[in-house]
Amino acid sequence: MGKNGDITKSINLDISLDELETDPGLRIPISEYNPNIRDEVRRKYLLSGPCQPRNHDFPLTQFGKQSRKFSSAWFDKYANWLEYSIAKDAAFCLCCYLFKPSIGEQAGGDSFVGKGFSNFKKQDRLQIHVGGLTSAHNQAWKKCQALKNQNQHIQSFYLKQSEQDRSDYRNRLNASVDCIRFLLRQGLAFRGDDESEMSSNRGNFLELLQYTADQNHVVKAVTLKNAPENQKLTSPDIQKDIVSAAAAETIDVIIKDIGDSLFSVLVDESRDVSVKEQMAVVLRYVDKKGQVIERFVGIEHVANTTAPSLKAAIDKLFSRYGLSLCRLRGEFNGLKALILKENPYAFYVHCFAHQLQLSLVSVAKKQPQVASLFILITSVVNIVGASSKRCDILQGKQYDKIAEALESGEILSGRGLNQEISLKRPGDTRWGSHYGTLISLIALFSSVIDVLAIVADDGANSEQRFEANNLLQLMLTFEFVFSLHLMKTLLGITNELSKALQRKDQDIVNAMNLVKICKQRLQLMRDDGWDSIFSQVSTFCGIHEILIPNMDDTFVAQGRSRRKSPEVTNLHHFRRRLIHFAEYYPKDFSTIELLVLSDQLETYIADMLSSNVFLELKSIGDLAQTLVQTRRNDVYPLVYRLVTLSLLLPIVTATVERSFSAMNVVKNQLRNRMEDQWMNDILLVYIEKDIFNKLDNELIMQRFQSMKTRRGKL
């Protein structure tokens, strides 16, 4: 009965191939998978390759009086099959896991499959496991090779094809890949509601394929109606496999570009259109050219946003791509304690843009005048934009004023000038949008007043007329105009900072300088900005016939005098900070290296002073790239390591925020039932399209072909 129960379990156990466990110590036995998908599971693992976290901090294990640990050098010697489980601190064999015969204790028995090999003091056991040509390990290895090579697979004996069949299949597959490429780049939907041949709109993919066939007789001869019924390569499963292949090739390029480098992780979560919590992950690293790169690597659905749940999702993503938290230097929100427990050298950096946002929100809540201003503006936008008729009146009034100004010569005409302006609605969470609202209100002020006057006279009901009349009275006051221009100037300063912070290549030193400059401008505005603002407000009130109250001629704006910081060069700044900065990374600099760094830094400073190449540098990013270009990164490796560590410190999570914007394009109201893996694959190639565009179709087709047994052959 137990045997029959096991058989039932193995037959019923099915799983998505995209959710396979990557850690060899946590995998279920291959025999427990449904026999119908067992070969596909094996092929998926073979395509992914052995789990080899090369940069993991392998723990020491006590063996008597000696301590031993797993060596990453063994991955080089046994690259094709050796795996390491972080969860169990043990070594495993991939090919024996996939095809191990029942041989009892031969060749180490279950050591490299079930419980794992952890007796690291006996390195020779790895070679003993391999054995001779007829060993169980080599038999399993041969079966892995046969499965990867479809020409040797048993099913291929029944699918012998002519050269013409192969050529037709390649052309058909290439046409499908081309169509999918276009849809992925544009973030468009693939399927339609009715994909039958009688439908007038069969969905973007089939319609684009039909259009391609109509324009190309070679494609037309092998696709759609002219394709074999069982090889059309147009089914939803085929589409998903091609997209999955494209995403896998894209992520491979990213992981290879990272190589063995350290990286930062930028994480944030947001709800998608189907109200599912999604966590986006972006890696920030310095490439071989010394450039700061931020790459989107995936989006994970999380059941909740607690720290353990987010940590588990990050571990899952890292395990899938063979990354390790030991290489982490990054940013987390709500995960700080858990991450630092595993890697005490991971630094937490709060998003600068979020700090700026929180500061502005705090000011708005604590200052009644500011809060009243934006409440009033929101009411104006709601009244004026309440109907398309009022919007049309607003645009008509503005058009008449522009025409009158052009005729009188007050403004000039030209390409790009005098574009149509609309009254922007401020966002609840993004205070950068408030700046745009203030700008548009100032530009449309007289037209808005005209529209409010019309509503005050001809509103549909007394409530509308009363509200419009009340807004008119408040807007036509010096207090409102003064607050409007004051906040426009203030948000103009912070808006420039916000935009600068959101650049992907921004580094910590530049960010701190930008914050410092912003604070100086705000202090300057506080100390000496009264005359400028009062002049703007007075001119504005004069144009719009708003009464200006009498002012005391002896009034002087109160505030501290501006403190001037001593001007120093970037070179002096780097010299003063670098050695102290190294002490924050004891994992990356040994005691000996810290001693060497001091001397190396002196030589580096002397070299920099004598070289004209380094005189015009403006940031740490420029310094890193110039060091690589002049090959001085090899001459001063410790200094360059410090420079790259400073560049890894993230400034803002703008790249993560942009991924959520892309998610809203890909998964919208009409596509609100997308599977998580399907959405992740589409998002990856849509966001990282600069990499995707460089991928050759042949790479995608070869990976697609190797994902599972196909009826057609390339």
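Analysis parameters
Residues numbered from 1 in each chain as written. Predicted model: local features only at pLDDT ≥ 70, side-chain atom pairs only at ≥ 80, totals over all residues. Heavy atoms only, no water. Helix = DSSP H or I, 4+ residues; strand = E, 2+ residues; numbered from the N terminus. Buried < 20%, exposed > 50% of the residue type's maximum accessible area, 1.4 Å probe, protein only. Contact = heavy atoms within 4.5 Å. Areas by Shrake-Rupley, 256 points an atom, 1.4 Å probe, with all protein chains shown as cover. Salt bridge = Lys/Arg side-chain N within 4 Å of Asp/Glu carboxyl O. Axes fitted to C-alpha atoms, helices over the stretch in contact; angles between N-to-C directions. Parallel < 35°, antiparallel > 145°, perpendicular 65-115°, else oblique. Left-handed = near helix turned anticlockwise from the far one by under 90°. Nonpolar A, V, L, I, M, F, W, Y, C, P; charged D, E, K, R; others polar. Pairing = 2+ DSSP bridges. Phe/Tyr/Trp six-rings, centres within 6.5 Å; stacked < 30°, edge-to-face > 60°. Lys NZ or Arg CZ within 6 Å of the ring centre and 35° of its normal. Expected span 1.5 Å × (residues − 1). Polar contact = N/O pair within 3.5 Å; in protein donor to acceptor, adjacent residues only side chain to side chain. pLDDT = per-residue confidence, 0-100. Arc of directions from axis to C-beta.

Novice: Tell me about the overall build of the protein, residues and numbers included.
Specialist: Regarding its fold elements, the protein presents 30 helices and seven strands. Here the protein holds 714 residues, and the buried ones make up 45% of them. Restricting the contact set of the protein to residue pairs at least 6 apart, pairs at least 24 apart contribute 67%. Carbon and sulfur atoms form 51% of the exposed surface of the protein, whose accessible area is close to 37800 Å².

Novice: I'd like a description of the pattern of salt bridges, backed by residues and values.
Specialist: Counted by the stated rule, this structure contains 18 salt bridges. A salt bridge links Lys232 to Glu229, with the shortest nitrogen-to-oxygen separation between them at 3.9 Å. For Glu229, a relative accessible area of 69% gives the class exposed. Asp252 serves as the salt-bridge partner of Arg703, at 2.7 Å between the closest nitrogen and oxygen.

Novice: Please give an account of the packing of helix α14 (residues 368–384) against helix α18 (residues 462–475) that cites residues and values.
Specialist: Contact geometry of α14 with α18 gives a least axis separation of 11 Å together with a crossing angle of 135°. Here α14 is positioned oblique relative to α18, judged by the angle of their axes. Once α14 is placed against α18, the crossing between them reads as left-handed. Contacts from Leu376, Ser379, Val380 and Ile383 of α14 reach α18 at Glu467, Leu471, Leu474 and Met475. Considered class by class, the residues forming the contact of α14 with α18 number six nonpolar, one polar and one charged.

Novice: Describe the sheet that holds strand β6 (residues 277–286), listing the residues and the values that go with them.
Specialist: Spatially, the three strands line up as an open sheet ordered β5-β6-β7, and their pairing is antiparallel. Unpaired on one side and paired on the other, β5 (263–271) and β7 (292–301) mark the two borders of the sheet. Going across the sheet, the axis of each strand differs from the next one's by a mean of 20°, ignoring polarity. As defined by bridge partners, β5 adjoins β6 across nine bridges and the pair is classed as antiparallel. Counted as the bridge partner of Glu269 is Met279 from β6.

Novice: Residue-level account of the pairing of strand β3 (residues 82–85), with values.
Specialist: Residues of β3 alternate between two faces, with Leu82 and Tyr84 on one and Glu83 and Ser85 on the opposite face, all of them buried. Bridge count for β3 against strand β4 (residues 90–93) is four bridges, and the pairing is antiparallel. In the sheet register, Ser85 faces β4, and the bridge partner there is Ala90. In textbook terms, the turn of a hairpin is the stretch between consecutive antiparallel strands, and for β3 and β4 this stretch comprises four residues, one of which, Asp89, has a positive phi near 50°.

Novice: Tell me about the environment of Glu269, residues and numbers included.
Specialist: The topology assignment puts Glu269 in strand β5. A relative accessible area of 23% places Glu269 in the partly exposed class. As for Glu269 and Glu657, which are separated by 388 residues in sequence, their C-alpha atoms are 9.1 Å apart. Leave out the neighbours within four places in its chain, and Glu269 touches Glu277, Gln278, Met279, Thr305, Leu310 and Phe660.

Novice: So what's going on with the packing of aromatic side chains? Residues and values would help.
Specialist: Each aromatic ring pair is characterised by the separation of its centres together with the angle its planes make. A full pass over the atoms with the stated rule returns 16 aromatic pairs. Between Phe445 and Phe540, the ring centres sit 4.9 Å apart and the planes meet at 70°, which makes this aromatic pair edge-to-face. Taken together, the positions of Phe445 in helix α17 (residues 445–458) and Phe540 in helix α21 (residues 530–543) put the pair 95 residues apart, joining distant regions of the chain. Take Phe445 and Phe540: they sit in the same class, and that class is buried. With a centroid separation of 5.7 Å and 75° between ring planes, the pair formed by Tyr604 and Tyr636 is classed as edge-to-face. One end of the pair, Tyr604, is in helix α23 (residues 591–609); the other, Tyr636, is in the loop between α25 (632–635) and α26 (637–648), with 32 residues separating them in the sequence. Comparing Tyr604 with Tyr636, the two get one shared label, buried. In textbook terms, an aromatic cluster arises when at least three aromatic residues are bridged by ring pairs, as seen for Phe58, Phe70, Trp74, Phe75, Tyr78, Trp81, Tyr84, Phe112, Phe117 and Phe120. In this arrangement the basic side chain of Arg27 is found over the ring face of Tyr97, its NZ or CZ atom lying 5.3 Å from the centre.

Novice: So what about helix α27 (residues 654–666)? Which residues, and what values?
Specialist: An α-helical segment advances 3.6 residues per turn. Residues three or four places apart therefore align on the same side. The end-to-end C-alpha distance of α27, which contains 13 residues, comes to 18 Å, matching closely the 18 Å that a straight helix rising 1.5 Å per residue would cover. Among all positions of α27, only Ala654, Thr655, Val656, Glu657, Ser659, Phe660, Ala662, Met663 and Val666 are buried.

Novice: Lay out the side chain of Glu277 in plain terms, naming residues and giving numbers.
Specialist: Within the fold, Glu277 resides in strand β6. Given a relative accessible area of 18%, Glu277 falls into the buried group. There is a polar contact of 3.4 Å between the side chain of Glu277 and the side chain of Arg271.

Novice: I'd like a rundown of unusual backbone geometry, residues and numbers included.
Specialist: At Leu224, a residue that is not glycine, the phi angle is positive and equals roughly 50°. Residue placement: Leu224 occurs in the loop between α9 (217–220) and α10 (236–258). Of note, the phi angle at Arg631 is positive, near 65°, even though the residue is not glycine. Tracing the sequence through the fold places Arg631 in the loop between α24 (620–629) and α25.

Novice: Requested: an account of the confidence of the model for the protein, with residues and values cited.
Specialist: Residue-level pLDDT values for the protein average 77, and 76% of them are 70 or greater. Within the model, pLDDT remains below 50 along residues 1–13, and this stretch shows 13 contacts once partners closer than five positions in the same chain are excluded. Confidence drops under a pLDDT of 50 for residues 330–334, and excluding neighbours within four residues, the segment shows 23 contacts in the predicted structure.

Novice: An account of the packing of α10 against helix α28 (residues 676–687) is needed here, citing residue identities and associated values.
Specialist: For the pair α10 and α28, interaxial distance at closest approach is 9 Å and the crossing angle is 50°. The angle between the axes of α10 and α28 places the two elements in the oblique class. Classified by chirality, the crossing of α28 by α10 is left-handed. Within the contact between the two elements, α10 uses Gln239, Lys240, Val243, Ser244, Ala246, Ala247, Thr250 and Ile251 and α28 uses Trp678, Asp681, Ile682, Leu684 and Val685. Taken together, the residues that form the contact of α10 with α28 break down as eight nonpolar, three polar and two charged.

Novice: Got a sec to walk through helix α8 (residues 204–215)? Specific residues and values, please.
Specialist: The end-to-end C-alpha distance of α8 is 16 Å, a good match for the 16 Å that 12 residues give at a rise of 1.5 Å each. Listed as buried for α8 are Phe205, Leu206, Leu209 and Ala213. Projection of α8 onto a plane perpendicular to its axis shows the buried side chains occupying an angular sector of 90°, all on one side. Exposed residues on α8 whose side chains face more than 90 degrees from its buried face are Tyr211 and Gln215. On its buried face, α8 is in contact with α7 (163–186), α9 and α10.

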